[in-house]
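Survey of secondary and tertiary structure
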Amino acid sequence: MPSRVWIDQVKIVQSSGSDTDNLNFKVEGVTHATDASGEQRYHWQCELTKDLLERRLTATLTVFDKE
């Protein structure tokens, strides 16, 4: 079980959308986890869609790689 987990280097870029439909974002970052064996780093990316009419936020993980 990790003793410490944190996220950094988060970058969010709006990829498409307008005020009348869905807003689409590309999000990426790095997750760190430490335990007795040391630190592991994971680079991840996801696509985030905000449906303004339905008031729904959906995230789809597209990349999760150990560095």
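Preceding this paragraph is the structure being described.
Conventions and cut-offs
- The written sequence of each chain sets the order in which its residues are numbered from 1.
- Since the coordinates come from a predicted model, pLDDT governs what is reported: local features require at least 70, and pairs of side-chain atoms require 80 or more to be given and counted, while whole-chain, interface and lining totals use all residues.
- Heavy atoms throughout the structure, all of them, feed into the side-chain values; hydrogens and water do not.
- Side-chain atoms within 4.5 Å link the members of a nonpolar core, which is a set of buried Ala, Val, Leu, Ile, Met, Phe, Trp, Tyr and Cys residues.
- The classification of residues rests on relative accessible area computed with a 1.4 Å probe and restricted to protein chains. Under 20% of the type maximum is buried, over 50% is exposed, and intermediate values are partly exposed.
- Going along the chain from the N terminus, every DSSP run of H or I of four or more residues is numbered as a helix, and every run of E of two or more is numbered as a strand.
- Contacts were defined at the residue level, with two residues in contact if any of their heavy atoms lie within 4.5 Å.
- Two rings from Phe, Tyr or Trp (for Trp, the six-membered ring) form a pair when their centres are within 6.5 Å of each other. A pair whose planes differ by under 30 degrees is stacked, one over 60 is edge-to-face, and the rest are tilted.
- For a lysine, the NZ atom is tested; for an arginine, the CZ atom; a charge sits over a ring if that atom is within 6 Å of the ring centre and within 35 degrees of the ring normal.
- Only residues whose relative accessible area exceeds 30% and that form no salt bridge are eligible for patches; like-charged ones are grouped when within 9 Å, while nonpolar side chains (Val, Leu, Ile, Met, Phe, Trp, Tyr) are grouped when within 5 Å.
- What sets the accessible areas is the Shrake-Rupley method with a 1.4 Å probe; for residues, cover comes only from the shown protein chains.
- Here, a salt bridge means any side-chain nitrogen of Lys or Arg that lies within 4 Å of a carboxyl oxygen of Asp or Glu.
- In this analysis, strands are considered paired if DSSP registers two or more bridges between them.

1. Concerning the nonpolar core
Membership of the largest hydrophobic core is limited to 6 residues, which are L23, F25, V27, W44, C46 and L48. Sorting the residues of this core by element identifies β2 (22–35) and β3 (38–51) as the ones contributing at least two each. Here F25 is in contact with I12, V13, Q14, S15, C46, E47 and L48, once residues within four sequence places are set aside.

2. Some remarks on the packing of aromatic side chains
Summed over all chains, the structure comprises 1 aromatic pair. Ring geometry for Y42 and F64: centres 5.2 Å apart, planes at 10°, overall stacked. Taken together, the positions of Y42 in strand β3 and F64 in strand β4 (residues 56–66) put the pair 22 residues apart, joining distant regions of the chain. Overall, F64 belongs to the partly exposed group, its relative accessible area being 47%. Note that R4 overlies the ring of W6, its terminal NZ or CZ placed 4.3 Å from the centroid.

3. Structural notes on the side chain of T31
Structurally, T31 can be placed in strand β2. When its relative accessible area of 15% is taken as the criterion, T31 is described as buried. When neighbours within four sequence positions are excluded, T31 is seen to be in contact with V5, W6, I7, Q40, R41, Y42 and W44.

4. A look at the environment of E47
Within the fold, E47 resides in strand β3. Between the alpha carbons of E47 and T60 there is a distance of 5.2 Å; along the sequence they are 13 residues apart. For E47, the contacting residues outside a window of four places in its chain are F25, K26, T58, A59, T60 and T62.

5. Re a nonpolar patch on the surface
On the surface, I7, V10 and I12 cluster together to form a nonpolar patch covering roughly 290 Å² of accessible area. By the element assignment, I12 lies in strand β1 (residues 4–17).

6. With respect to the pairing of β4
Relative to β4, β3 is paired through 10 bridges, and the arrangement is antiparallel. Among the inter-strand pairings, W44 is bridged to a residue of β4, identified as F64. Between β3 and β4, which pair antiparallel and follow one another directly, the connecting turn spans 4 residues, one of which, R55, has a positive phi of 55°.

7. Some remarks on the environment of K11
Inspection of the secondary structure puts K11 in strand β1. Residue K11 is classed as partly exposed on the basis of its relative accessible area, which comes to 47%. In this structure K11 touches K26, V27 and E28, once residues within four positions along its chain are discounted.

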